[in-house]
Amino acid sequence: MIAALKSVEVHYARGVALGPVDLTLGEGEIVALVGPSGCGKSTAMRLLAGLEPPTRGEVTRAPERGETSLVFQAPTLAPWLSARDNVALPLELTGRPRAEARREADGWLARVGLSGSEGARPAQLSGGMAMRVSLARALATGPRLLLLDEPFAALDEITRRRLADDVLALWADLGPAILFVTHNVEEAVYMADRVVVMTPGPGRIAGEVIIDAPTPRPEGFRTTAQFREAAEAVSDVLARGGAA
Amino acid sequence: MTRLIDLLTPLALVIALLAGWEIACRVLAVPVYLLPAPSAVWTSLISDWQALAAAAWTTLSMALIALAIASVGACSLALLGGLSPLIEKAIQPVAVSLQVTPVIAIAPLVMIWTGLDHPGRAIIVLATIVAFFPIYSGAATGLRAADPDLQRLFVLYGANRWQTLLRLRLPSALPALIEGHKVATSLAVIGAVVAEFVAGSGGAQGLAWRIVESANRLQTARVFAALFTLAVMAALLFKLVDILERRLLAWWRGR
């Protein structure tokens, strides 16, 4: 177990935002959290990141300081820093000497396919490239828990598919536990070992679909019967949960 | 071509207005103490240019010193407030009351405190007060303007208060800081001129003093010459700050 929510509820001033929810993330596991907009997916993610306490219930987290990384829907880069310095930032904040942090940052940028763009500012990068910088920054600290909050939502279809494959390839190398939040059923099925479906807000767990296929996904996985059936199953659970 | 027209149209209007003014003064034989013709203002400007340039420098240097003091003071206070919300809450109402009080109303007090023999000091203090608020307000707003998701990342990375301030909040504040300084630059010049009027003595011989002195002697052409100098000085300063702002913002944004 790397992180778990146990009968967790979150209440805001405007009412109940989430729960009660039980969710456990195993070491090296990829879990997709699917649900309609406003169901509390991002709230669940912030709880797992330890950024927010629950109103009720219990959050358990194994990762120590610096072992959790987050990628948001927007690249969320510092506009005044180069791609290299953006990736080096979390390393420097945890006390790594500057030169070493920047050298490591260059290495991470190369791994996400951005060699040659080290000195570019975020404003000079395309949406897909900026997202890759964000991913490199998330991976640079060597996280045990990687939280992805609709990271491909703002990208075009071709870019998002390519990035999905790249994330899975990096996972195969590094093996962090990944929680992937999305409202896209196909994307969830493509990315995850296990798709957890949530009901409309306040979100509860509506059900769960296991995707028993090799990761990274084989060529043409999206056209297989297994992929279609899994996507149908997830859509069914979503519909029964009241999202359709 | 359009650039040329953009440049020429306002120039044409100015020339037309000046010509009308000149003709009206000559045809109607307006007394020179009431309204001097542009040619008379020009003559005064040429014959007096050394004194006017010295006066302009006096006003400008007082405004710039005030701006520097205000910048250091306002930025330090905003930084303190950025470190502790409690301090910020304490500063805010004081800063606002200072801002809404007309500077002329404070002038006599400042004159007494700085000593009546040192009108220059009083003018700098008053211009500082005027320039303080936009810088403080820009800095305080800017320090709160950091992207909330970036702030979450800093929490996640375990950054301490200092690191968050220096590496996230301060750089995020830059655009608002620049804007604050831009507004404060114009206000510092206005503040210095107003304060010169209030000081109303020859101790600090800036442009405003030239205007007061010449008006008292009914040397209206010299009043206009000083006004013209003041307008040109302020416009040049504004343009300079504008260019500086654009350069800095382009650097910050990365394009």
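Residues numbered from 1 in each chain as written. Chains lettered and ligands numbered in written order. Predicted model: local features only at pLDDT ≥ 70, side-chain atom pairs only at ≥ 80, totals over all residues. Heavy atoms only, no water.

Caption draft 1: A look at the overall build of chain A. The helix and strand tally for chain A stands at 7 helices and 9 strands. Against the compact-globule benchmark of 18 Å for 244 residues, chain A has a radius of gyration of 18 Å, which places it among compact chains. Considering only C-alpha atoms, chain A reaches an extent of 50 × 45 × 30 Å along its principal axes. Evaluated residue by residue, chain A yields a buried proportion of 53% over its 244 residues. For chain A, the proportion of contacts with a sequence separation of at least 24, taken over those separated by at least 6, is 71%. By element, 48% of the accessible surface of chain A is carried by carbon and sulfur atoms, the whole surface being about 9,800 Å². Looking at chain A, you have 26 positive and 30 negative side-chain charges, and the mean spots of the two groups are 5 Å apart. (Helix = DSSP H or I, 4+ residues; strand = E, 2+ residues; numbered from the N terminus. Rg over C-alpha atoms; globule rule 2.2 N^0.38 Å. Buried < 20%, exposed > 50% of the residue type's maximum accessible area, 1.4 Å probe, protein only. Contact = heavy atoms within 4.5 Å. Areas by Shrake-Rupley, 256 points an atom, 1.4 Å probe, with all protein chains shown as cover. Lys, Arg positive; Asp, Glu negative; His and termini not counted. Charge placed at Lys NZ, Arg CZ, Asp CG, Glu CD.)

Caption draft 2: Seen up close, the pairing of strand β3 (residues 30-34) of chain A. Residue and element names in this part refer to chain A. With 5 of 5 residues buried, β3 is to be regarded as a mostly interior element. Of the two faces of β3, the one carrying Ile30, Ala32 and Val34 and the one carrying Val31 and Leu33 are both buried. Examined bridge by bridge, β3 and strand β7 (residues 177-182) share 5 bridges and lie parallel to one another. Looking across to β7, one finds that Val31 is bridged to Leu179. (Pairing = 2+ DSSP bridges.)

Caption draft 3: How the structure looks around the sheet that holds strand β2 (residues 15-25) of chain A. Residues and elements named next belong to chain A. With antiparallel pairing, the 3 strands of this open sheet are ordered in space as β2-β1-β4. Of all the strands in the sheet, the pair left with one neighbour each is β2 and β4 (56-61). In this sheet, adjacent strand axes meet at a mean angle of 20° when their direction is disregarded. Of the strands in this sheet, β1 (3-12), β2 and β4 are in contact with helix α1 (residues 41-49), which crosses β1 at around 125°. (Axes fitted to C-alpha atoms, helices over the stretch in contact; angles between N-to-C directions.)

Caption draft 4: Quick peek at α1(A). Residue and element names in this part refer to chain A. Of all 9 residues that make up α1, 7 are buried, and the element is covered over most of its length. Among all positions in α1, only Lys41, Thr43, Ala44, Met45, Leu47, Leu48 and Ala49 are buried. Positioned one or two residues after α1, Gly50 has a phi angle of 80°, which is positive.

Caption draft 5: Spatial organisation of the pattern of salt bridges. Per the stated rule, a full pass over the model turns up 25 salt bridges over all chains. Put simply, Glu187(A) and Arg160(A) hold a salt bridge, and the shortest N to O gap is 3.2 Å. One end of the pair, Glu187(A), is in helix α6 (residues 185-191); the other, Arg160(A), is in helix α5 (residues 157-174), and 27 residues separate them in sequence. Among the residues examined, Glu187(A) registers a relative accessible area of 9% and is labelled buried. For Arg246(B), the salt bridge goes to Asp242(B), with nearest N and O atoms at 2.7 Å. (Salt bridge = Lys/Arg side-chain N within 4 Å of Asp/Glu carboxyl O.)

Caption draft 6: View of the interface of chain B and chain A. Each partner contributes to the interface: chain B provides 21 residues, whereas chain A provides 23 residues. At the boundary of chain B with chain A, total buried surface from both sides reaches about 2,100 Å², with 64% on carbon and sulfur atoms. Per-residue buried area on chain B facing chain A is highest for Leu156(B), Tyr157(B) and Arg167(B); these three make up 36% of the total on that side. The interface formed by chain B and chain A holds 1 salt bridge in total. For Glu92(A), the salt bridge is made with Arg167(B), and the minimal N-O distance between the two is 2.9 Å. Looking at the side of chain B that touches chain A, the elements with two or more residues in it are α6 (148-156), α7 (161-199) and α9 (220-253) of chain B. Residue composition of the side of chain B that touches chain A, by class: 11 nonpolar, 4 polar and 6 charged. (Buried area = accessible area lost by both parts, 1.4 Å probe. Nonpolar A, V, L, I, M, F, W, Y, C, P; charged D, E, K, R; others polar.)

Caption draft 7: A look at helix α3 (residues 98-111) of chain A. Residues and elements named next belong to chain A. Over its 14 residues, α3 runs 20 Å from end to end, which matches the ideal 20 Å to within 8%, given 1.5 Å per residue. Buried within α3 we find Ala101, Ala105, Trp108 and Leu109. One side of α3 holds all its buried residues, which, seen down the axis, span an arc of 100°. Opposite its buried face, α3 presents the exposed residues Ala99 and Arg103, each directed more than 90 degrees away. Against the buried residues of α3 lie α2 (83-93), α4 (127-140) and α5. (Expected span 1.5 Å × (residues − 1). Arc of directions from axis to C-beta.)

Caption draft 8: Spatial organisation of the domain arrangement of chain B. What the domain assignment lists for chain B is domain 1 (1-30) and domain 2 (43-253). A straight line from the C-alpha centre of domain 1 of chain B to that of domain 2 of chain B covers 34 Å. (Domains from an automatic or database assignment.)

Caption draft 9: Highlighting the environment of Asp236(A). Residue and element names in this part refer to chain A. Structurally, Asp236 is set in helix α7 (residues 225-240). According to the relative accessible area criterion, Asp236 is partly exposed, its value standing at 45%. Residues Asp236 and Val197, 39 residues apart in the sequence, show an inter-C-alpha distance of 9.9 Å.

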